[in-house]
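A structural walkthrough
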Amino acid sequence: MDLFEYMRESNMEKESPLAARMRPRTLDEVVGQQHIIARDKLLYRAISADKLSSIILYGPPGTGKTTLAKVIANTTKAEFTQINATIAGKKDMEEVVNKAKDNQGMYGKKTILFIDEIHRFNKGQQDYLLPFVEDGTVVLVGATTENPYFEVNGALISRSIIFELKPLTSDDIKILLNRAVTDTERGMGAYKAVLEKDAEEFLADIADGDARHALNAIELGILTTDRSEDGLIHITREVAQECIQKKVARYDKDGDNHYDTISAFIKSMRGSDPDAAVYYLARMLNAGEDPKFIVRRMMVCASEDVGNADPQALQVAVAASLAVERLGMPEARITLAQAASYIATAPKSNASIVAIDDALATVRQTGNLPIPPHLQDAHYKSAAKLGHGIGYKYSHDYPDNYVKQQYLPYELNGKEFYNPSGNGYEVRIKEHMKRLRERDQ
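So, here's what we can say about the structure. Predicted, not measured: the structure shown is a model, and the values here were computed from it.

Topic: the overall build of the protein
What the protein contains, in helices and strands, is 20 helices and 7 strands. For the protein, the spread of C-alpha atoms along the principal axes amounts to about 95 × 60 × 40 Å. Sequence separation of 24 or more characterises 73% of the internal contacts of the protein that already satisfy a separation of 6 or more. A total of about 24,200 Å² of accessible surface is found on the protein, and carbon and sulfur atoms cover 51% of it.

Below, the structure is given as structure tokens:
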């Protein structure tokens, strides 16, 4: 590092936003996330012992993903390299990998690669990393606000440990606010500000678990508020309200509000209340929820709660998914509302989910029972000698394209998994199956 680079970094440390300056430097300074970094937890032990394996940190903004990465950087003896997936390309990764190979070969030193916003990498970029993560050339630390099981390469997921970060509690936010106000080295202590109790309560509540949101607000308040007669800067509730004009509705991937709202949305569609469904949809969209996440849940609801009572519901949900990808917001809001109201007003049946869950339970209980020989493949060599396919009756050779024969394993003869409800299109399905079965008697 030359003198100019050193000066640049020194100035950045002094002039960077409060939230960046106040980032913890050690594990013991981290507030919250005790479910993963308490002293007896795996992540704490791995970081402390400098024995970290590849991990992915997943959680909403402002909960400490980058903070944990910085703590790892301060703790490890390994080479620590950081890139941001929003601006980095394959060339950047090649440079990291080549340097990691040199460090490993010449000095026996491992390299930790922190990739912020890892979900922004496309499949090809993620695939490039895979062999180097697998052979230990780099230890991956990925950070993402998106569900990694949807957005990150499955092969990378299988070679990493997922740690979910939760929104900070109000008490956590209060600790951080008071630390920022009083810290004279990195915080705002030199300004001699006083954070009044009602302002503290307000900011801790309105931040909704996002430490960065709260710290940005307190920094703005201190920098823009005149001193009182006592020479102190008083951060009152009124000042705090001016610094945060609007309560940010949070629906983060591991936050209570997120789950409560999506739960209410699904239950409203299941309960055939289109007004409530559209209302909760609006709340999520207003908060900036990813429309792709919403429409995925709608596809689940269309199968789980509507099913064959209205097979069109799943087609509507899938079409909405395609439209969301091609339209984007704000136009996609109309498509989402159309699909949500359709699913909400459709007749309901959970017969399909009951059927598959019953079948899965049976398979787990009975194992892989022998498939009836007449259903087995008769095309491969020696199949006929084994009796495979012999005696199979081709349905289309019979009236109504139906003929009775044993389809289930013989041990499950007479077992019924799918029982159509008496709603919507399943009435016709039920009547059709009844006619076929009565004909066999």
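Here the narrative resumes, following the displayed structure.
Some details on the packing of aromatic side chains
Going through the model one piece at a time under the given rule, you end up with 3 aromatic pairs. Centroid distance Phe80 to Phe114: 6.4 Å. Interplanar angle 25 degrees. Geometry classified as stacked. Highlighted residues: Phe80 in strand S2 (residues 79-84) and Phe114 in strand S3 (residues 111-116), separated in sequence by 34 residues. Relative accessible area serves as the criterion here: at 0%, Phe114 is assigned to the buried category. A centroid spacing of 5.3 Å and a plane angle of 55 degrees characterise the contact between Tyr128 and Phe132, whose relative ring orientation is tilted. Here the residue Tyr128 and the residue Phe132 both occupy positions in helix H7 (residues 123-134), the gap between them amounting to 4 residues, near one helical turn. For Tyr128, a relative accessible area of 18% corresponds to the buried category. For Phe132, a relative accessible area of 13% translates into the label buried.

Quick notes on the pairing of S2
In this sheet, S3 lies alongside S2 in parallel orientation, the contact comprising 6 bridges. When the sheet's bridge partners are listed, Glu79 is paired in S3 with Thr111. Running through helix H6 (residues 90-107), the crossover from S2 to the neighbouring parallel element S3 is right-handed.

Observations concerning the nonpolar core
Counting residues in each nonpolar core, the largest one holds 31 residues, and the members touching the most others are Ile173, Leu195, Leu203, Ile218, Ile222 and Ile235. Residue assignment for this core shows that the elements contributing at least two residues are helix H2 (18-21), helix H10 (170-182), strand S6 (193-195), helix H11 (197-206), helix H12 (211-224), strand S7 (233-235) and helix H13 (237-243). The element contributing the most residues to this core is H12, with 6 residues. Discounting residues that sit within four places of it in the chain, Leu195 has contacts with Leu177, Asn178, Val181, Glu200, Leu203, Ile218 and Ile235. Within the second largest apolar cluster, 27 residues are counted, among which are Met284, Ala302, Ala332 and Ala344.

Examining unusual backbone geometry
Glycine aside, residues mostly have negative phi angles, and peptide bonds mostly take the trans form. Even without being glycine, Lys192 reaches a positive phi, approximately 55 degrees. Following the sequence through the fold, Lys192 ends up in the loop between H10 and S6. The backbone of Asp400 shows a phi angle near 60 degrees, a positive value even though the residue is not glycine. Note that Asp400 resides in the loop between helix H19 (351-366) and helix H20 (426-440).

A few points about the environment of Ala317
Tracing the sequence through the fold places Ala317 in helix H17 (residues 312-327). The exposure class assigned to Ala317 is buried, which follows from its relative accessible area of 0%. When sequence neighbours within four positions are dropped, the list of residues in contact with Ala317 reads Val295, Met298, Met299, Ala302 and Ile343.

Thoughts on a nonpolar patch on the surface
A cluster of nonpolar side chains, contributed by Tyr392, Tyr394 and Tyr407, occupies part of the molecular surface with about 340 Å² of accessible area. Along the chain, Tyr392 turns up in the loop between H19 and H20. Judged by its relative accessible area of 41%, Tyr392 is partly exposed.

Thoughts on the sheet that holds strand S1 (residues 55-58)
Strand order in the open sheet formed by 5 strands is S2-S3-S4-S1-S5, with parallel pairing between adjacent strands. Pairing within the sheet leaves two strands with one partner each, and these edge strands are S2 and strand S5 (161-164). Shown here is a sheet whose adjacent strand axes are inclined to one another by a mean of 15 degrees, direction ignored.

Observations regarding the pattern of salt bridges
Per the stated rule, a full pass over the model turns up 13 salt bridges. The partner of Glu79 in a salt bridge is Lys99, and the shortest N-O contact between them spans 3.5 Å. One end of the pair, Glu79, is in strand S2; the other, Lys99, is in helix H6, with 20 residues separating them in the sequence. Residue class for Lys99 comes out partly exposed when judged on its relative accessible area of 45%. Two residues, Arg270 and Asp305, come together in a salt bridge whose shortest N-O distance is 2.8 Å. On the criterion of sequence distance, the pair formed by Arg270 in helix H14 (residues 256-270) and Asp305 in helix H16 (residues 291-306) is long-range, its members being 35 residues apart. The buried category is assigned to Asp305, whose relative accessible area is 7%. Among the ionic contacts, a cluster of salt bridges with common partners joins Arg25, Glu29, Glu185 and Arg186.

Observations concerning the environment of Lys393
Mapped onto the elements, Lys393 comes out in the loop between H19 and H20. A relative accessible area of 34% places Lys393 in the partly exposed class. Taking the C-alpha atoms as reference, Lys393 lies 7.2 Å from Val403; in sequence the two are 10 residues apart.

Details of the side chain of Asp116
Relative to the assigned elements, Asp116 resides in strand S3. Here Asp116 occupies a buried position and makes no salt bridge, while the nearest side chain of opposite charge, Lys65, is found at 6.6 Å. Other than its neighbours up to four places away in sequence, Asp116 contacts Thr66, Ile83, Asn84, Ala85 and Ala143.

Structural notes on H6
End to end, H6 covers 25 Å across 18 residues, agreeing with the expected 26 Å (1.5 Å per residue, within 8%). Looking only at H6, the buried set comprises Met93, Val96, Val97, Ala100 and Asn103. Down the axis of H6, the smallest arc covering the buried residues is 125 degrees, so these residues share one side. For H6, the exposed residues set more than 90 degrees away from the buried face come down to Lys91, Gly105 and Met106. Elements that come into contact with the buried residues of H6 comprise S2, S3, H7 and strand S4 (138-144). Gly108, located one to two residues past H6, shows a positive phi value of around 65 degrees.

What counts as what
Residues numbered from 1 in each chain as written. Predicted model: local features only at pLDDT ≥ 70, side-chain atom pairs only at ≥ 80, totals over all residues. Heavy atoms only, no water. Helix = DSSP H or I, 4+ residues; strand = E, 2+ residues; numbered from the N terminus. Contact = heavy atoms within 4.5 Å. Areas by Shrake-Rupley, 256 points an atom, 1.4 Å probe, with all protein chains shown as cover. Phe/Tyr/Trp six-rings, centres within 6.5 Å; stacked < 30°, edge-to-face > 60°. Buried < 20%, exposed > 50% of the residue type's maximum accessible area, 1.4 Å probe, protein only. Pairing = 2+ DSSP bridges. Right-handed = clockwise from strand over helix to strand, strands pointing away. Core = buried A, V, L, I, M, F, W, Y, C linked by side-chain atoms within 4.5 Å. Patch = residues over 30% accessible without salt bridge, like charges linked within 9 Å, V, L, I, M, F, W, Y side chains within 5 Å. Salt bridge = Lys/Arg side-chain N within 4 Å of Asp/Glu carboxyl O. Axes fitted to C-alpha atoms, helices over the stretch in contact; angles between N-to-C directions. Lys, Arg positive; Asp, Glu negative; His and termini not counted. Expected span 1.5 Å × (residues − 1). Arc of directions from axis to C-beta.

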